[in-house]
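Close look at the chain arrangement
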Amino acid sequence: MKDKLKDFVHAHREEFDSFSPRPDLWQDISAELPAEPEPEQKEEPVKEARILPLNWNVAWRYAAAVAVLVMVAISGRYYGSGTWQRDPLLAAAQPVSLDKIAPEVKQIETRFVGVIEQKEAQLKEYDLKALGMEKEWEREATALDSAYAELKKELYTTPNKEVVVEAMRENLKMRIAILNRQLQVLENIQTVKQQVSNETKTL
Amino acid sequence: METLEYTDVNAHVVARCKAGDRKAQYELYKLYSKSMFNVSMRITNDYTEAEDVLQESFLNAFRELHTFKGDSTFGSWLKRIVINKSITKVRSRRLQVVQIEDHQDFAEETSEGDFEDMEYKVESIKRAIQQLPDGYRVVLTLYLLEGYDHGEIAEVLGISEATSKSQYSRARKKLLSLMEEQALSR
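What comes next is a walk through the structure.

Definitions and limits used
- Per-chain numbering applies: the sequence of each chain, read as written, is numbered from 1 onward.
- Going through the entries in the order they are written, you letter the chains from A and number the ligands from 1.
- Predicted model: local features are reported for residues with pLDDT of at least 70 only, side-chain atom pairs are reported and counted for 80 or more only, and whole-chain, interface and lining totals are derived from all residues.
- To obtain the side-chain values, all non-hydrogen atoms of the structure were included, while hydrogens and water were left out.
- A simple rule labels every residue: compare its accessible area, found with a 1.4 Å probe on the protein chains alone, to the largest value its type can have, and call it buried under 20%, exposed over 50%, or partly exposed in between.
- Think of it this way: any DSSP run of H or I at least four residues long counts as a helix, any run of E at least two long counts as a strand, and we number them from the N terminus.
- By definition, the arc is the one covered by directions from the helix axis to the C-beta atoms.
- Two residues form a contact once any of their heavy atoms are found within 4.5 Å.
- We call a set of buried residues a nonpolar core when its members are Ala, Val, Leu, Ile, Met, Phe, Trp, Tyr or Cys and they connect through side-chain atoms within 4.5 Å of each other.
- Angles here are taken between N-to-C directions and fall from 0 to 180 degrees, while the axes themselves are lines fitted to C-alpha atoms, restricted in helices to the stretch in contact.
- Each angle is binned into one of four classes, with values under 35 degrees roughly parallel, values over 145 roughly antiparallel, values of 65 to 115 roughly perpendicular, and all other values oblique.
- Crossing handedness follows the turn of the near helix against the far one: under a right angle anticlockwise gives a left-handed crossing, and clockwise gives a right-handed one.
- Under the scheme applied, nonpolar residues are Ala, Val, Leu, Ile, Met, Phe, Trp, Tyr, Cys and Pro; charged residues are Asp, Glu, Lys and Arg; polar residues are all the others, including Gly.
- In the sections that follow, a salt bridge refers to a side-chain nitrogen of Lys or Arg positioned within 4 Å of a carboxyl oxygen of Asp or Glu.
- Given the number of residues in a helix, its expected span is that number minus one, multiplied by 1.5 Å.
- What is called the bend at a residue is the angle between a pair of axes, fitted to the seven residues leading up to and ending at it and to the seven starting from it.
- A 3.5 Å cut-off defines polar contacts: any pair of N or O atoms within that distance qualifies, except that in protein one atom must be a possible hydrogen donor and the other a possible acceptor, and neighbouring residues in sequence count only when both atoms are side-chain atoms.
- The term buried area means the drop in 1.4 Å probe accessible area that two parts suffer when joined, counted for both and summed.

An α-helical segment advances 3.6 residues per turn. Residues three or four places apart therefore align on the same side. Residues and elements named next belong to chain B. All buried positions along helix 1 (residues 11-18) are accounted for by Val13, Val14 and Cys17. Each buried residue of helix 1 sits inside an arc of 100 degrees when the element is viewed along its axis, so together they form one side. The secondary structure elements touched by the buried residues of helix 1 are helix 2 (22-44), helix 3 (47-63) and helix 4 (74-92). Where helix 1 ends, the next residue or the one after it, Gly20, has phi of about 85 degrees, a positive value.

This is the structure in structure tokens:
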């Protein structure tokens, strides 16, 4: 026999669970449960050690960038632990313009960005793809970019602006240093090539 | 043929609970407390008793978790505990769970097909369930809402399957007549 009532109830099953226990019932339950065992129980599963290939030439730059970020974060927390609390809403909204908070950033940016753009333009003249250097440069540039963006965000909430601004300056300088290195490497390659072709000509 | 291994989605949380992890226990509580409370509310028809049942059931479940072998889901294992405790509550009120005699006349008099064309509403069904005598309410909610079949109902209530079936059919008629009364008195 078909049970229309049953079909209806099944179709509306969720709506039948309309009661809720009092919100603090868990506290009562939890109080009566045996105490949690010591943390030895929660041993992390042993992870297999993996060795990642590391290019030391590149690694020091990341390490430096990370160290600066960590320093900024720690000092920010340290100085601010008493009176200042990081407000994520404030950080997200960024209601005040950067000029008001740190006018020196603009100066720094105008000073360095011109140089960086010029060097990047120089770099573009080389065929990086052919030399297999394109990927490497891209990766480093992105890492520095995101670190820079992070610092800029930090500016809005940090109580000690100077440290952050200094870190931003370092970031830009690092970028120029990397560009210089790249250009030098490329120049060396170029001269070697030229020498080779000169030699073949003179022969 | 491929054999399908039945795995509980909560298996890893349950394992952490077995080790006494309080956070994991709270996770399961959050997941099941509301539905289990409603199971008990329907059977006991009493807010305070339902809360007692909920508290006792979770304590019982966490303490006896080592006896849970995982041949069902944690949810249905817990539900069984809640249902058993709720039935005990109702019985301790010294009201017979199965009161066939009291309602026999009514059941026999009602002809098949009465109220069958009525338009159902969740609210009116809920209200009518609360008005059912204990014996009817338990069988009806176990069957209609908790998804128990008559074999399982017979087992938890200690009655025969045939009794469960006839109890359900009577409870169902009583429910529909209560709904009809509601509709008329409005």
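This is not the end of the story, as more comes after the structure.
Proteins that are soluble and globular tend to have nonpolar side chains buried together. Membership of the largest hydrophobic core comes to 64 residues, with the highest contact counts inside it found for Phe74, Ile125 and Leu175 of chain B. Counting 30 residues, the second-largest nonpolar core is a separate cluster that includes Phe112, Met174, Ile176 and Leu186 of chain A.

We now examine the packing of helix 4 of chain B against helix 8 (residues 150-157) of chain B. Residue and element names in this part refer to chain B. As a packed pair, helix 4 and helix 8 sit with axes 10 Å apart at the nearest point and diverge in direction by 55 degrees. When the axes of helix 4 and helix 8 are compared, the pair comes out oblique. Considering the relative orientation of helix 4 and helix 8, their crossing is right-handed. For the pair formed by helix 4 and helix 8, the contact residues are Arg80, Asn84, Ile87 and Arg91 on the first element and Glu155, Val156 and Leu157 on the second. Looking at the contact of helix 4 with helix 8 residue by residue, the classes come out as three nonpolar, one polar and three charged.

Further remarks concern unusual backbone geometry. Residue Asn45 of chain B is not a glycine yet carries a positive backbone phi of 60 degrees. Here Asn45 of chain B is to be found in the loop between helix 2 and helix 3.

With that settled, the discussion passes to the pattern of salt bridges. The final tally for this structure, using the stated rule, is 19 salt bridges over all chains. Between Asp21 of chain B and Arg16 of chain B there is a salt bridge; the shortest N-O distance is 3.2 Å. Overall, the relative accessible area of 13% leaves Asp21 of chain B in the buried class. Put simply, Arg13 and Asp17 of chain A together with Arg42, Lys79 and Glu146 of chain B are held in one network by salt bridges that share partners.

Residue and element names in this part refer to chain B. The N-to-C vectors of helix 1 and helix 2 enclose an angle of 130 degrees; their axes lie 7 Å apart at closest approach. Between helix 1 and helix 2, the interaxial angle falls into the category oblique. Crossing hand, helix 1 versus helix 2: left-handed. Contacts between helix 1 and helix 2 pair Val13, Val14, Arg16 and Cys17 from the former with Lys23, Ala24, Gln25, Glu27 and Leu28 from the latter. Residues belonging to the contact of helix 1 with helix 2 are distributed by class as follows: five nonpolar, one polar and three charged.

Now for helix 2 of chain B. Residues and elements named next belong to chain B. For helix 2, spanning 23 residues, the distance from its first C-alpha to its last is only 29 Å, which falls clearly below the expected 33 Å at 1.5 Å a residue. The principal kink in helix 2, of about 45 degrees, is found at Tyr32. If you check the start of helix 2, you find a side-chain oxygen 2.9 Å away from the backbone N of Lys23, and it comes from Asp21. Just past helix 2, the residue Asn45 takes up positive phi, approximately 60 degrees.

Take the interface of chain B and chain A next. Contact with chain B, which involves 39 residues of that partner, is made by 31 residues of chain A. Summed over both partners, the interface of chain B with chain A buries about 3,400 Å², with 60% contributed by carbon and sulfur atoms. Here chain B and chain A share four salt bridges between them. The shortest N-O distance in the salt bridge between Arg13 of chain A and Glu146 of chain B comes to 3.5 Å. Our count for the contact surface shared by chain B and chain A stands at 18 residue pairs in polar contact (both at pLDDT 80 or more). At the level of elements, helix 2, helix 3, helix 6 (122-131), helix 7 (134-144) and helix 9 (161-185) of chain B are the ones that each hand at least two residues to the side of chain B that touches chain A. When residues of the side of chain B that touches chain A are assigned to their parent elements, the largest contribution, ten residues, is made by helix 2 of chain B. Class assignment for the residues of the side of chain B that touches chain A results in 20 nonpolar, six polar and 13 charged.

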